[in-house]
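Geometric and topological summary
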Amino acid sequence: MYIGMNRFKVLKDRAGDFEQVWLSRESYLHELDGFIEFHMLRGPEKEDHILYSSYTLWASKAHFDAWTQSVQFKKSHQRAAQPGNGPMTTGHPEFEGFEVIQSKPARQAAE
């Protein structure tokens with residue numbers, strides 16, 4: 001499995017706008033082979049920003065790479081421009097990619 005994450009340092013006064021963009025944007029991830037799940041995460045608040053991270057889980061790095069070259073990727077990112085009122089983040093998102101080397105499922109409750 002492969003995890004792709006983007007870290008966003010969102011200006012405190014734009015956090016609501018940032019969240020609304022993500023909550024209302026159209027996702028095409030489900031159209032791609034190998035896509036497993038997506039999470040948008042709100043992290044700690046710092047002096048000048050709030051940390052957010054997008055998390056996608058893929059069956060393999062090859063599936064993730066196919067996503068980044070897909071029409072769906074281009075469609076979802078063409079609307080990523082920051083709407084009105086100036087920037088929402090302190091800069092570009094920081095990408096981090098991880099190969100999963102171990103997974104442990106939750107324990108199943110006894111039936």
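Note: the structure precedes this text.
Residues numbered from 1 in each chain as written. Predicted model: local features only at pLDDT ≥ 70, side-chain atom pairs only at ≥ 80, totals over all residues. Heavy atoms only, no water.

1. Quick look at the side chain of Arg-14
The line we're drawing: In this description a helix means any DSSP run of H or I spanning at least four residues, a strand means any run of E spanning at least two, and both kinds are numbered starting from the N terminus. Each polar contact in these results corresponds to two N or O atoms within 3.5 Å; when the atoms are within protein, one needs to be able to donate a hydrogen and the other to accept it, and residues that are neighboring in sequence are counted only if both atoms are side-chain atoms.
Among the secondary structure elements, Arg-14 is positioned in the loop between β1 (2-11) and α1 (15-24). In this structure the side chain of Arg-14 is engaged in a polar contact, spanning 2.7 Å, whose partner is the backbone oxygen of Gly-86.

2. Comments concerning the sheet that holds strand β3 (residues 49-58)
Rules: One bridge is not enough; two strands pair if DSSP finds at least two bridges between them. Whenever a helix is involved, its axis is fitted only over the stretch in contact; in every case the axis is a line through C-alpha atoms, and angles between N-to-C directions fall within 0 to 180 degrees.
In spatial order, the strands read β2-β3-β1-β4; together these four strands make up an open sheet with antiparallel pairing. Each edge of the sheet is formed by a strand with only one pairing partner; in this case those strands are β2 (35-45) and β4 (94-99). Along the sheet, successive strands turn relative to each other by an average axial angle of 20 degrees, direction set aside. Note: β1 against β4, six bridges, orientation antiparallel. What sits directly across from Ile-3, in β4, is Phe-98.

3. Brief notes about α1
For clarity, the threshold we go by: When accessible area is computed with a 1.4 Å probe and restricted to protein chains, residues below 20% of their type maximum are described as buried, those above 50% as exposed, and intermediate ones as partly exposed. Throughout, the arc means that of the directions going from the helix axis to the C-beta atoms. By definition, residues are in contact when any of their heavy atoms lie within 4.5 Å.
Buried within α1 are the following residues: Ala-15, Phe-18 and Trp-22. Down the axis of α1, the smallest arc covering the buried residues is 65 degrees, so these residues share one side. Exposed positions of α1 whose direction lies more than 90 degrees from the buried face are Gly-16, Leu-23 and Ser-24. Buried-residue contacts for α1 involve β1, β2 and β3.

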